[in-house]
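Notes for the structure review
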Amino acid sequence: MTEPEYPGSNPTWMGTTATEDAGEWVIRGHKWFATGADGAAFAICMAVTDPDAPEPHARASMIVVPAGTPGYDVIGNLSVMGDRGGDWASHGEVAYHGARVPLANLLGPRGRGIVIAQQRLGPGRMHHCMRWIGVCERAFDIMCRHAATRQIAPGKPLGTRQIVQQWIAESRAEIHAARLIVLRAAWRIENEGLYAAREEISIIRLTVARTLQRVLDRAIQCLGGLGMTDDTPLAFWYAHERGARIHDGADEVHIDAIARRILKSHGMTRG
Ligand SMILES: Cc1cc2nc3c(=O)[nH]c(=O)nc-3n(C[C@H](O)[C@H](O)[C@H](O)COP(=O)(O)OP(=O)(O)OC[C@H]3O[C@@H](n4cnc5c(N)ncnc54)[C@H](O)[C@@H]3O)c2cc1C
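Let us look at the structure shown here.

About the cut-offs
Residues numbered from 1 in each chain as written. Predicted model: local features only at pLDDT ≥ 70, side-chain atom pairs only at ≥ 80, totals over all residues. Heavy atoms only, no water. Helix = DSSP H or I, 4+ residues; strand = E, 2+ residues; numbered from the N terminus. Buried < 20%, exposed > 50% of the residue type's maximum accessible area, 1.4 Å probe, protein only. Phe/Tyr/Trp six-rings, centres within 6.5 Å; stacked < 30°, edge-to-face > 60°. Lys NZ or Arg CZ within 6 Å of the ring centre and 35° of its normal. Near = heavy atom within 4 Å. Polar contact = N/O pair within 3.5 Å; in protein donor to acceptor, adjacent residues only side chain to side chain. Areas by Shrake-Rupley, 256 points an atom, 1.4 Å probe, with all protein chains shown as cover. Nonpolar A, V, L, I, M, F, W, Y, C, P; charged D, E, K, R; others polar. Domains from an automatic or database assignment. Salt bridge = Lys/Arg side-chain N within 4 Å of Asp/Glu carboxyl O.

This part is about unusual backbone geometry. In the Ramachandran plot, Ala 22 falls in the positive-phi region, its phi being about 50° despite a non-glycine side chain. Relative to the assigned elements, Ala 22 resides in the loop between strand 1 (17-21) and strand 2 (24-35). Ala 22 gets classed as exposed once you look at its relative accessible area, which sits at 71%. The backbone of Asp 248 shows a phi angle near 55°, a positive value even though the residue is not glycine. Within the secondary structure layout, Asp 248 lies in the loop between helix 5 (234-240) and helix 6 (251-265).

Structure (structure tokens):
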């Protein structure tokens, strides 16, 4: 979906097009952050098929493009936080130079690409939050073990310091809170459906990503130089999970969505 030349935060505005010609889609455009493009058997391309549809959300469609299609070009993997990755753990830059695929490669109804994307992004955000809570728990455990055993003076563990106790108590409280709001969002999806839970999903995505970064930061601080080395997983998570506040909607987009809904329910009509 995401393109270097257009704001990924506004999915109704993109440059990639798919036009019909002789029973085929002809796709032209430029994408990046195509996760797992490296080695994938096919891409799912979001392209504008109906530029004149009055509703901006009804202009793009999803189209399956098999790897090897002439005109479909995986330019390479982006270097993200110093790592190009490989295979599924990579983010590709992709170009479509008039790639032609059958009309039957349309995924779902025409003009419904953004609706389909939202269907996946909601539960996807839930999965991210669950995984981040797991990372938090592991980082918390590493921090606590270090605080309990690292001696800052003979017979004085690091955990006797009030600032370290604060990191531990606050992290525990924040991880508990994160788990409970994720469970509540899951309950709403299960009982009331994805649409009804959309505000809840924005709230967990925003909150848990920030909790994750605070817990990782405190754990690294607690371990000192050891926290910066690759002898523990903390440094990897710190770099790898920075994207948590950007992908699947940047923090600011979720803040905007949450606040607008709340203000609408309080009578605000335009923004
Ligand atoms: C690790 C990773 C994996 C990704 N995987 C995929 C993938 O598989 N497929 C895919 O299509 N994309 C993927 N992305 C792309 C991701 O979805 C976009 O980076 C994201 O949506 C933001 O779009 P952008 O980068 O174009 O930033 P922009 O839209 O240009 O926004 C830049 C910044 O501006 C601010 N901003 C934007 N809009 C607003 C607003 N309305 N109000 C206030 N502030 C605003 C935010 O701070 C935002 O971070 C991935 C990104 C990362 C980092």
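The tally for this structure, following the rule as stated, stands at three aromatic pairs. For the pair Trp 32 and Phe 33, a centre-to-centre distance of 5.4 Å together with 75° between the ring planes defines the contact as edge-to-face. With a relative accessible area of 42%, Phe 33 lands in the partly exposed category. If you follow Arg 172 out to its NZ or CZ, it ends over the ring of Phe 140, 4.8 Å from the centre. It is Arg 198 that lies over the ring of Tyr 195; its NZ or CZ is 3.8 Å from the centre.

Looking now at the site of the ligand. The local shell around the ligand holds 15 residues, among which Thr 2, Gly 8, Ser 9, Phe 33 and Glu 252 are the closest. A distance of 2.6 Å separates a nitrogen atom of the ligand from a polar side-chain atom of Thr 2. Here a nitrogen atom of the ligand sits 3.1 Å away from a polar atom, N or O, in the main chain of Phe 33. Bound to the protein, the ligand loses 61% of the 970 Å² it would expose on its own. At the level of elements, strand 2 and helix 6 are the ones that each hand at least two residues to the shell around the ligand. Along the lines of polarity and charge, the residues of the shell around the ligand split into seven nonpolar, six polar and two charged. Viewed by domain, the shell around the ligand spans two of them, domain 1 (17-111) and domain 2 (114-265), each represented by three or more residues.

One pass over the structure, following the stated rule, counts 19 salt bridges. Among the ionic pairs, Lys 31 bridges to Glu 3, the shortest N-O distance being 2.9 Å. With Lys 31 in strand 2 and Glu 3 in the segment before strand 1, this residue pair connects regions lying 28 residues apart in the sequence. Glu 3 carries the same exposure label as Lys 31, and that label is buried. Sharing partners across several salt bridges, the network here consists of Glu 170, Glu 174, Arg 214 and Arg 218.

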